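Coordinate analysis (summary)
Below, each chain spelled out in residue letters.
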Amino acid sequence: MIDMCYKYADYIIRKYNNDENQRFELSNKRLQKILFIASVKYALDNNGERMFSDDFEAWSYGPVMSEIYRDYSIFQFGFMFPLSSEKKLETKKEKVLNEVFELTKNISTEKLIENAHIKGSPWDFYFEENKDKKYKIIDHKTIYEYYSKNGKFNELLRNEENV
């Protein structure tokens, strides 16, 4: 069964819109990083299983799902709203999204992007500066194997800056 990422993106958007205590504006870039962190956490919690069928690509701003970027790019500079009707999520997937929402709440978008750019990370391994805008897909197995190493997941949640 194909499980597309849109319902997960919309879930995060709904959470942001209903949380009055957000420190950082939800942008397409921030949404991408939250989805990436959630997919990594879900894989770690479920022996490498994928949260959704969509792939991340190695873009200059880190791991990006091109479909989400394209369709939600109309919201680059303001309030985001869901593009689909509310769908019920599997309990374990909803739990991971809620955990990642809380884990990233106090980390700036810039820091989330920086954290995904760690030397030797899956993004670093697949990224190539490309004028043709043809980005490489970051292999899910590579993502899982890298972040399952002791402490590597914590790289995504570093927050040493004062914001």
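Residues numbered from 1 in each chain as written. Predicted model: local features only at pLDDT ≥ 70, side-chain atom pairs only at ≥ 80, totals over all residues. Heavy atoms only, no water.

**Re the sheet that holds strand β3 (residues 137–138)**
The antiparallel open sheet is built from three strands, whose spatial order is β2-β1-β3. Because the sheet does not close on itself, it has two edges, and the strands there are β2 (62–64) and β3. Two elements, strand β1 (residues 56–59) and β2, share three bridges in a ladder whose sense is antiparallel. Following the sheet pairing, A58 is matched in β2 by P63. (Pairing = 2+ DSSP bridges. Helix = DSSP H or I, 4+ residues; strand = E, 2+ residues; numbered from the N terminus.)

**Things to note about a nonpolar patch on the surface**
There is a patch of nonpolar side chains on the surface, built from I74, F79, F81 and L83 and spanning about 450 Å² of accessible area. The residue F81 is located in the loop between α3 (66–72) and α4 (91–104) in this model. For F81, a relative accessible area of 42% puts it in the partly exposed group. (Patch = residues over 30% accessible without salt bridge, like charges linked within 9 Å, V, L, I, M, F, W, Y side chains within 5 Å. Areas by Shrake-Rupley, 256 points an atom, 1.4 Å probe, with all protein chains shown as cover. Salt bridge = Lys/Arg side-chain N within 4 Å of Asp/Glu carboxyl O. Buried < 20%, exposed > 50% of the residue type's maximum accessible area, 1.4 Å probe, protein only.)

**Quick look at empty space enclosed by the protein**
Applying the stated criterion across every chain yields a total of two cavities of 30 Å³ or more. Around the largest cavity, the lining residues are S39, R50, M51, F52, D54, D55, F56, I138, H140 and I143. When its residues are assigned to classes, the lining of the largest cavity shows five nonpolar, two polar and three charged. Approximately 30 Å³ is the volume found for the second largest cavity. Surrounding the second largest cavity, K7, D10, Y11, R14, S85, E86 and K87 form its lining. Taken together, the residues of the lining of the second largest cavity sort by class into one nonpolar, one polar and five charged. (1 Å grid on protein atoms, 1.4 Å probe; cavity = no way out; pocket = protein on both sides within 12 Å on 5 of 7 lines; lining within 4 Å. Points joined across faces, edges and corners; volume = space filled by probe spheres on them. Nonpolar A, V, L, I, M, F, W, Y, C, P; charged D, E, K, R; others polar.)

**Things to note about the packing of aromatic side chains**
Under the counting rule described, the total for this entry stands at 13 aromatic pairs. Geometrically, the ring pair formed by F36 and F56 is edge-to-face, given 5.1 Å between the ring centres and 85 degrees between the ring planes. Taken together, the residues F36 in helix α2 (residues 28–45) and F56 in strand β1 connect sequence positions 20 residues apart. The exposure classification of F36 matches that of F56, with both residues buried. The interplanar angle of 75 degrees and the centroid separation of 6.0 Å between the aromatic rings of F36 and Y147 together place this pair among those described as edge-to-face. Of the two residues, F36 sits in helix α2 while Y147 sits in helix α7 (residues 140–147), which places them 111 residues apart along the sequence. (Phe/Tyr/Trp six-rings, centres within 6.5 Å; stacked < 30°, edge-to-face > 60°.)

**Notes on the nonpolar core**
Of all hydrophobic cores here, the largest spans 44 residues; its most connected members are L31, L35, M51, I68, Y72, L97 and L156. Secondary-structure elements contributing two or more residues to this core are α1 (6–18), α2, β1, α3, α4, α5 (109–116), α6 (122–126) and α7. If one sorts the elements of this core by residue count, α2 sits on top with eight residues. Aside from chain neighbours lying at most four places away, what touches L97 is Y8, Y11, I12, A38, M51 and L89. (Core = buried A, V, L, I, M, F, W, Y, C linked by side-chain atoms within 4.5 Å. Contact = heavy atoms within 4.5 Å.)

**Comments concerning the environment of I107**
Along the chain, I107 turns up in the loop between α4 and α5. Residue class for I107 comes out buried when judged on its relative accessible area of 3%. Residues I107 and E160 lie 53 residues apart in sequence; the distance between their C-alpha atoms is 9.0 Å. Among all residues touching I107, those that are not within four sequence positions of it are F24, R30, L112, N115, L157, R158 and N159.

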